[in-house]
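If you want the building blocks of each chain, they are given just below.
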Amino acid sequence: MTEITPEETENPLGGYGRSISHVIIGLKTSKGSKQLRLDPSIYDALQKEKVSVGDVIYIESNSGAVKRVGRSDAYASEFDLEADEYVPIPKGDVHKKKEVVQDVTLHDLDMSNAKPQGGQDIMSMMGQLAKPKKTEITEKLRNEINRVVNRYIDQGVAELVPGVLFIDEVHMLDIECFTFLNRALESPLSPIVVFATNRGICTIRGTDVMSPHGIPVDLLDRMLIIRTMPYSLEEMVQIVSIRAETEAVEVDPEALAEMGSIGARTSLRYAVQLLTPSRIIAETAGREHILPVDVEEVDELFYDAKASAKLLAGSEGYLS
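Model, not experiment: these values are computed from the prediction.

1. Quick notes on the packing of helix 8 (residues 253-265) against helix 11 (residues 292-301)
Contact pair helix 8 / helix 11: the axes reach a minimum separation of 8 Å and the direction vectors enclose 30°. Judged on the interaxial angle alone, helix 11 and helix 8 are roughly parallel. When helix 8 is examined against helix 11, the residues Glu 254, Ala 255, Glu 258, Met 259, Ile 262 and Arg 265 are found in contact with a partner set consisting of Pro 292, Val 295, Glu 296 and Asp 299. Here the residues of the contact of helix 8 with helix 11 are counted per class, giving five nonpolar, no polar and five charged.

Next up, the structure:
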């Protein structure tokens, strides 16, 4: 910056004070220089950044944001000791076009357009000071956003990057959720949806209809069902070993084999959950690593889901 001159004018509200009408600044690069007449709001931004002649700055023309990069190295010999960081004079033209790529989600666009934009009148300013009210994202607003996004995609201004929506325990959703998902998947802007469940034939929540995986049949027709296989004993031992290493738990190889056999008999989740109580028992016995006897003792103390269900099935709803 080679010049900064604020131009004052009479205060429009009267009185003896004066206000800034505009500011004239001079900018210089290695290819040339230019004098600009800017809005008073940019002068306020220059004051906040504590900009002075000899500083290297950049101004975004769209937002008016001012950023002070540092002190020009042409002034490096001005003082013997200075706290400012010296940077070289910018190269190229004073006016530059910068391509900005911003990643936004459709939900971000919905939320930004759902909030009412305040005006400059007194009622709008009072409304901004009050507690902000939540605004519902209507179907009409979603359709309007989709039309704008589709137009930007056709013009090449925007690019659609499909997201991934992962829903675990999908059988817990009710029929209303499935209806919404069924309709949302028809949109060209829909994400890649991954469902996960371990249920077979069960009831769709909110109805009396039995369906595979608890999912409506018309929604199942739109999916590719991936076949999964149960873990083998060797794979379970390896998974438990990785989990023990992650939790910094020392486990004897024979204890790992015992946990793997328990996982094959019950479930992998139950076998992994035995690590912490087994470590506590080992520490109580004065050992730093888990032995098979620790795993067997913990397995006798706790029930897995299958054993608990079998025990309850043989009783009248009470544990004896």
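After that view, the rundown keeps rolling.
2. Details of the sheet that holds strand 1 (residues 3-10)
The three strands are arranged 1-2-3 in an open sheet whose pairing can be described as antiparallel. In the strand order of this sheet, the two ends are held by strand 1 and strand 3 (33-38), each with one partner. Going from strand to strand, the sheet's axes swing by 20° on average, the running direction of each strand aside. Packing against the sheet, helix 1 (residues 40-48) makes contact with strand 1, strand 2 (18-28) and strand 3, and its axis sits at approximately 70° to strand 2.

3. Some points on the pattern of salt bridges
For the structure shown, the criterion picks out eight salt bridges. For Arg 147, the salt bridge is made with Glu 144, and the minimal N-O distance between the two is 2.4 Å. With Arg 147 and Glu 144 both in helix 4 (residues 139-155), this residue pair falls three residues apart, about one helical turn. Here Glu 144 falls in the partly exposed class, since its relative accessible area comes to 38%. Among the salt bridges present, the one from Arg 243 reaches Glu 247, with a minimum N-O distance of 2.7 Å.

4. Regarding the sheet that holds strand 6 (residues 86-87)
Strand order in the open sheet made by the three strands is 4-5-6, with mixed pairing throughout. Each having just a single partner strand, strand 4 (55-59) and strand 6 make up the two edges of the open sheet. Note that strand 5 (residues 66-72) and strand 6 share two bridges and pair parallel. Across the sheet, Ser 72 pairs through a bridge with Val 87, a residue of strand 6.

5. Details of the packing of helix 10 (residues 275-284) against helix 11
Across the interface, helix 10 lies against helix 11 with an axial gap of 9 Å and an inter-helix angle of 120°. When the axis of helix 10 is compared with that of helix 11, the two are oblique. Read as a crossing pair, helix 10 and helix 11 show a hand that is right-handed. Contacts between helix 10 and helix 11 involve Pro 277, Ser 278, Ile 281 and Ala 282 from the first element and Asp 294, Val 295, Glu 297, Val 298 and Leu 301 from the second. Here the contact of helix 10 with helix 11 is composed, by residue class, of six nonpolar, one polar and two charged.

Criteria and cut-off values
- Residues numbered from 1 in each chain as written.
- Predicted model: local features only at pLDDT ≥ 70, side-chain atom pairs only at ≥ 80, totals over all residues.
- Heavy atoms only, no water.
- Axes fitted to C-alpha atoms, helices over the stretch in contact; angles between N-to-C directions.
- Helix = DSSP H or I, 4+ residues; strand = E, 2+ residues; numbered from the N terminus.
- Parallel < 35°, antiparallel > 145°, perpendicular 65-115°, else oblique.
- Contact = heavy atoms within 4.5 Å.
- Nonpolar A, V, L, I, M, F, W, Y, C, P; charged D, E, K, R; others polar.
- Pairing = 2+ DSSP bridges.
- Salt bridge = Lys/Arg side-chain N within 4 Å of Asp/Glu carboxyl O.
- Buried < 20%, exposed > 50% of the residue type's maximum accessible area, 1.4 Å probe, protein only.
- Left-handed = near helix turned anticlockwise from the far one by under 90°.

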